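Observations on chain architecture
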Amino acid sequence: MLRMPISFILFLFILSGCDHSSEYEIIYNDEESIDVTTKPVEDKKDTYTIAVIPKIDGIPYFKAVEEGALEAGKDLGVKVIYTGPPTPSSEKQEEIITKLIEKKVDVIAVSANDPYKLGRVLQKAKRKGIKVITWDSDTNASYRSFFVNMIDPEIIGRHVMDTLAIEMEEKGEFAIMTGSPTAANLNTWIDWIQIQQKEYYPTMKLVEVEYTNEDIHKAYKVTQNLFKKYPDLKGIIGISTVNPPAAAQAVKDAGKIGKIAVVGTSTPNLMNEYLQEGAAQTITLWSPQKLGYLTVSLAKNLLIDEFPYDGQNIKNIGRIKFNGDIVIMGEPIDFTKGNVNQYDF
């Protein structure tokens, strides 16, 4: 009989509420939402400019973040510049930030490809009077005012491990495919995945952690190599949104549907086909549009010296958690064959 760790039971409860409770509704487009706790604000200048920098430009996840960020800019009356590097490179991000400093933007909000390498340029921005925050992937805390995190890293890491364990009946070999080796958020999730495996699934074995640098073509080849290297492989966890569709496509092409489980973090649009045909089983994420909207909203508040606080109700987002200097946007959503058609992002 399969054991159910506490976190998994909690997530079964959460997931069961996904289709029926407002707790998981993506409400960033809810025009009727009213922020009753945020104080009325008086802008000190006519138009603020908020620069939002993703880890990499052009992949669907960060394009969805851009949609939310631009929508917030329009709603809040601020100019949003959304620009990122073509590869997940901290050096390229540094070049972009240097140009934004020259443009004299008011806020720099960055999803960092490295927690330390952006320190020099971000400190330069602060000396120039530019507010700095992070979102999606954090830097060292001394470089920014606060971090907008989409999810508690312990919750997402433990939960993704649980979703794979149930597909593999808690036994066998599995691999993890992640993005950049310096992405702080992904590394923290992997830590929690391994903690959960060691605590609750001792008959499962992690054989390898592979880095794909957010490149879907590389991810596909990595998956093929995993098949050759580990003929008894029974499961793959893909974190960073391009890895699960690449892994699922490789499973499909190799005729391994039903033999190798694929779970992880990705968008419902990227995974719809694979979930429907059984090449992947469960995909977990949040609304990236909502993350973009929240980041710009909090950046605008920071310009009038309003810091986030626990339980704050952000218009079109809902209530957020705040602990120390980290915002937690909310809880994750699971996408499966049964509900994936309900989402479009």
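We now turn to the structure provided with this report. (Residues numbered from 1 in each chain as written. Predicted model: local features only at pLDDT ≥ 70, side-chain atom pairs only at ≥ 80, totals over all residues. Heavy atoms only, no water.)

1. A look at the sheet that holds strand 13 (residues 321-323)
Stated precisely, the cut-off is as follows: Think of it this way: DSSP has to see at least two bridges between two strands before they count as a pair. Per the convention used, a helix needs a DSSP run of H or I reaching at least four residues, while a strand needs a run of E reaching at least two, with both numbered from the N terminus. Axis definition: a line fitted to C-alpha atoms, over the contacting stretch in the case of helices. Angles run 0 to 180 degrees between N-to-C directions.
Pairing is mixed across the open sheet formed by seven strands, whose spatial order is 2-1-3-4-5-14-13. Looking along the sheet, the strands with just one partner apiece sit at the ends: strand 2 (79-82) and strand 13. Averaged over all neighbouring strand pairs, the angle between strand axes comes to 20°, with direction disregarded.

2. What about the sheet that holds strand 9 (residues 261-265)?
Filter applied, for reference: Residues count as neighbours in contact if any of their non-hydrogen atoms are within 4.5 Å of one another.
Pairing in this open sheet of six strands is mixed, and the strands run 7-6-8-9-10-15 from one edge to the other. Each edge of the open sheet carries a strand with a single partner, namely strand 7 (204-211) and strand 15 (333-335). Each strand axis lies, on average, 20° off the axis of its neighbour in the sheet, ignoring direction. Bridge analysis of strand 10 (residues 282-285) against strand 15 gives three bridges, and the strand direction is antiparallel. The partner of T284 across the bridge, within strand 15, is D334. Packed on one face of the sheet, helix 5 (residues 153-167) meets strand 6 (172-178), strand 7, strand 8 (233-238), strand 9, strand 10 and strand 15 and runs near 165° to strand 9.

3. A closer look at the pattern of salt bridges
The test is simple: Take a side-chain nitrogen of Lys or Arg and a carboxyl oxygen of Asp or Glu: if they are within 4 Å of each other, that pair is a salt bridge. A simple rule labels every residue: compare its accessible area, found with a 1.4 Å probe on the protein chains alone, to the largest value its type can have, and call it buried under 20%, exposed over 50%, or partly exposed in between.
Inspection of the entire model under this criterion finds 13 salt bridges. Salt-bridge contacts for R158 lead to E199; the nearest nitrogen and oxygen are separated by 2.9 Å. With R158 in helix 5 and E199 in helix 6 (residues 184-200), the pair connects residues that are 41 residues apart, well separated along the chain. Overall, R158 belongs to the buried group, its relative accessible area being 12%. Residue classification places E199 among the partly exposed residues on the basis of a relative accessible area of 46%. When the shortest N-O distance is used, the salt bridge between K321 and E331 registers 3.5 Å. Here E331 lies in the loop between strand 14 (326-328) and strand 15 and K321 lies in strand 13, a separation of 10 residues in the sequence. One continuous salt-bridge network, built from bridges that share partners, spans K55, D136 and E214.

4. Considerations on the pairing of strand 1 (residues 49-53)
Note on strand geometry: in a regular strand, side chains alternate between the two faces of the sheet. The buried count for strand 1 comes to five of five residues, which makes it a mostly enclosed element. The alternating pattern of strand 1 places T49, A51 and I53 on one face and I50 and V52 on the opposite face, and all of these are buried. Here four bridges tie strand 1 to strand 2, and the two strands are oriented parallel to one another. In the sheet register, V52 faces strand 2, and the bridge partner there is Y82. Pairing analysis gives four bridges linking strand 1 to strand 3 (residues 107-110), with the strands arranged parallel. Pairing of I50 across the sheet is with V107, part of strand 3.

5. Brief notes about the environment of G238
Among the structural elements, G238 can be located in strand 8. Placed 27 residues apart in sequence, G238 and T265 show a C-alpha to C-alpha distance of 6.4 Å. Aside from chain neighbours lying at most four places away, what touches G238 is M177, N243, P244, V263, G264 and T265.

6. What to know about a positive patch on the surface
What counts is decided by this rule: Residues form patches when they are more than 30% accessible in relative terms and have no salt bridge. Like charges link within 9 Å. Nonpolar side chains (Val, Leu, Ile, Met, Phe, Trp, Tyr) link within 5 Å. Surface exposure here means Shrake-Rupley accessible area, sampled with a 1.4 Å probe, where a residue is shielded only by the protein chains that are shown. When charges are counted, Lys and Arg contribute as positive and Asp and Glu as negative, whereas His and the chain ends are disregarded. Each charge is placed at NZ for Lys, CZ for Arg, CG for Asp and CD for Glu.
On the surface, K79, K92, K99 and K103 cluster together to form a positively charged patch. Judged by its relative accessible area of 47%, K79 is partly exposed.

7. Some words on empty space enclosed by the protein
To find leftover empty space, a probe the size of one water molecule is rolled over the atoms. To keep things clear, this is the line we draw: Here a cavity is any set of points on a 1 Å grid over the protein atoms alone where a 1.4 Å probe fits but cannot get out, and a pocket is any open set with protein on both sides within 12 Å along at least 5 of 7 lines; a residue lines the site when it has an atom within 4 Å of a point. Grid points are joined across faces, edges and corners, and a volume is the space filled by probe spheres set on the points.
The tally for this structure, following the rule as stated, stands at two cavities of 30 Å³ or more. In this structure, the largest cavity encloses a volume near 100 Å³. Forming the boundary of the largest cavity are 14 residues, of which Y61, D136, L186, S240 and T241 lie nearest the centre. Going through the elements one at a time, helix 2 (60-76) and helix 6 are the ones with two or more residues in the lining of the largest cavity. Broken down by element, the lining of the largest cavity gets its largest block of residues, three residues, from helix 6.

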